[in-house]
Amino acid sequence: MSHCVLIVDDSPAMRAFIRRVIQLSGFPVDEYREAGNGKEALALLAAHPVDVILTDINMPEMNGEELVRRLAADTSRPHIPVVVVSTDSTESRVHRLRMLGVDGYLSKPFSPESLREELERALGVEDHV
Amino acid sequence: MFDPAAVSSAFTDATINVLETMFFTSVTGDSTAADGRSALGAEVRFRGTTHGSMALSLPEESARNMAHAFLGVEPDEPLPPERVQEMVCELANMICGCALSHLGKGAAFDLHVAEAPALDTTTSGWRFLNLEDGVLAVRHTVGD
């Protein structure tokens, strides 16, 4: 089954890198969508459904925590799994985001394998041996 | 609050880890100085349970090669200069965040947006690391 992935990061280079790493990982994606911050992501989601969101934390206009908070508060649409991709993997940050309901957390640097694992775990599509 | 040796080790480990994992670049050893070529740099400031900054500088050519690897672009395909600088800022951002995240349970911090100031690598506090195609200069300052 192929997926639509929304990548939220204020760095175009990082968005391109994440796309590339997803491709290297072999995770099936038939469509990528991108946003430069949480506000753009919410606007995009209002018009286009996606299967999973990969989001940075530190972004202008609306950061990743606020995006996660707004998504959790919006009960008008089905839950969209969110995986945070961040340089900050301190216990306090990870704990706070888990409490907000993120489905995965990936700290930079990351490998294609670990990115795929987080996406599969968030979507509940891990391979079972 | 943090042992200087532990901080230094965290930044060194983070530099090597980020370069290898995200930029497919290896550190081949220490050097004594920058190699004198025109360079690109970036600086990231942070605050939280500790405050300080991290800066890096590397030859433009090394930065372009790294950007090509990072973005998966063919070596002969030109990249806009702003895209290469953006990659250098992202490199600094990742090294800094990775290092601070490994300072221990008490660490909590916020990174400022990386900037691209002019950096003088002839001043004290810099460490020089050999890459396959140039010298990467890194410097960190961590307060109490």
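Residues numbered from 1 in each chain as written. Chains lettered and ligands numbered in written order. Predicted model: local features only at pLDDT ≥ 70, side-chain atom pairs only at ≥ 80, totals over all residues. Heavy atoms only, no water.

1. What to know about the pattern of salt bridges
All names here are of chain A. Just so we agree on the cut-off: In what follows, salt bridge is the name for a side-chain nitrogen of Lys or Arg lying within 4 Å of a carboxyl oxygen of Asp or Glu. Strands are runs of DSSP state E lasting at least 2 residues, helices are runs of H or I lasting at least 4, and numbering of each runs from the N terminus. Throughout, exposure labels follow a simple rule: accessible area from a 1.4 Å probe, protein chains only, divided by the maximum for the residue type, with under 20% read as buried, over 50% as exposed, and the rest as partly exposed.
Counted under the stated rule, the structure contains 22 salt bridges over all chains. The residue Glu-34 makes a salt bridge to Arg-15 at a minimum N-O spacing of 2.8 Å. Separated by 19 residues along the polypeptide, Glu-34 in strand S2 (residues 29–35) and Arg-15 in helix H1 (residues 12–25) bring together distant segments of the chain. By relative accessible area, Glu-34 is classed as partly exposed at 30%. Take Arg-15: its relative accessible area is 14%, and that puts it in the buried class. Where Arg-96 meets Glu-65, a salt bridge forms, and the shortest distance between an N and an O atom there is 2.9 Å. You can see Arg-96 sitting in helix H4 (residues 91–100) and its partner Glu-65 sitting in helix H3 (residues 64–73), a full 31 residues away along the chain.

2. Things to note about the nonpolar core
Rules: As used in this record, nonpolar core signifies buried Ala, Val, Leu, Ile, Met, Phe, Trp, Tyr and Cys residues forming a set joined through side-chain atoms within 4.5 Å.
Core analysis: the largest hydrophobic core is formed by 64 residues, its most contacted members being Ile-22, Leu-54 and Phe-110 of chain A together with Phe-23, Leu-56 and Phe-70 of chain B. Counting residues per element, this core draws most heavily on helix H3 (residues 81–101) of chain B, at 12 residues.

3. Description of the confidence of the model for chain B
Caution applies to low-pLDDT regions: their predicted coordinates should not be interpreted in detail. Residue and element names in this part refer to chain B. The criterion, for reference: pLDDT is a residue-level measure of predictor confidence that goes from 0 to 100.
Averaged over all residues, the pLDDT of chain B is 90; the fraction at 70 or higher stands at 97%. By mean pLDDT, the top-scoring element of chain B is strand S3 (residues 52–59) (96), and the lowest-scoring one is strand S4 (residues 109–111) (85). Reported confidence for the predicted complex is 0.75 by ipTM and 0.86 by pTM.

4. Digging into the interface of chain A and chain B
The condition that has to hold: Should any heavy atoms of two residues lie within 4.5 Å, those residues are considered in contact. What gets called buried area is simply the loss in accessible area from a 1.4 Å probe that two parts show on being joined, summed for both. Polar contacts, as used here, are pairs of N or O atoms within 3.5 Å; protein pairs need one atom able to donate a hydrogen and one able to accept it. Residues neighboring in sequence count only if both atoms are side-chain atoms. Here the term charged refers only to Asp, Glu, Lys and Arg, the term nonpolar to Ala, Val, Leu, Ile, Met, Phe, Trp, Tyr, Cys and Pro, and the term polar to all other amino acids, Gly among them.
With 19 residues of chain A at the interface, the matching set in chain B holds 24 residues. Where chain A abuts chain B, roughly 1800 Å² becomes buried across the two surfaces, and 61% of that area is made up of carbon and sulfur atoms. Here chain A is connected to chain B by two salt bridges. Ionic pairing is found between Lys-108 of chain A and Glu-90 of chain B, a salt bridge with its closest N-O pair at 3.3 Å. There are eight residue pairs in polar contact (both at pLDDT 80 or more) connecting chain A and chain B. Looking at the side of chain A that touches chain B, the elements with two or more residues in it are H1 and H4 of chain A. No other element matches H1 of chain A, which puts six residues into the side of chain A that touches chain B. The class makeup of the residues in the side of chain A that touches chain B is seven nonpolar, seven polar and five charged.

5. Here we look at the packing of aromatic side chains
Heads up, the rule is: Note on aromatic contacts: the rings of Phe and Tyr and the six-membered ring of Trp form a pair at centre separations within 6.5 Å, being stacked when their planes are under 30 degrees apart, edge-to-face when over 60 apart, and tilted otherwise.
Taken as a whole, this structure holds three aromatic pairs over all chains when the rule is applied. For the pair Phe-23 of chain B and Phe-70 of chain B, a centre-to-centre distance of 4.6 Å together with 15° between the ring planes defines the contact as stacked. Of the two residues, Phe-23 of chain B sits in the loop between helix H1 (4–22) and strand S1 (29–31) while Phe-70 of chain B sits in helix H2 (residues 60–71), which places them 47 residues apart along the sequence. Residue classification places Phe-23 of chain B among the buried residues on the basis of a relative accessible area of 0%. Among the aromatic residues, ring-to-ring pairing joins Phe-17 and Phe-110 of chain A together with Phe-23 and Phe-70 of chain B into one connected group.

6. Observations regarding the pairing of strand S5 (residues 127–131) of chain B
Consecutive side chains of a regular strand alternate in pointing toward one face of the sheet and then the other. Residues and elements named next belong to chain B. Our working definition: The pairing criterion is simple: DSSP has to find at least two bridges between the two strands.
Two strands pair when backbone bridges link them, and S1 and S5 are joined in this way by three bridges, in the antiparallel orientation. Directly across from Gly-29, in S5, lies its bridge partner Asn-130. Pairing analysis gives five bridges linking S5 to strand S6 (residues 134–142), with the strands arranged antiparallel. Across the sheet, residue Leu-131 finds its bridge partner in S6, namely Gly-134.

7. Here we look at the pairing of strand S1 (residues 3–8) of chain A
All names here are of chain A. The element S1 is extensively covered by neighbouring structure, given that six of its six residues are classed as buried. Residue alternation in S1 divides its side chains into two sets, His-3, Val-5 and Ile-7 and Cys-4, Leu-6 and Val-8, and both sets are buried. Two strands pair when backbone bridges link them, and S1 and S2 are joined in this way by six bridges, in the parallel orientation. Across the sheet, the residue bridging to Cys-4 is Glu-31, located in S2. As paired strands, S1 and strand S3 (residues 52–55) are joined by four bridges and run parallel to one another. Looking at the pairing, Val-8 lines up with Thr-55 of S3.

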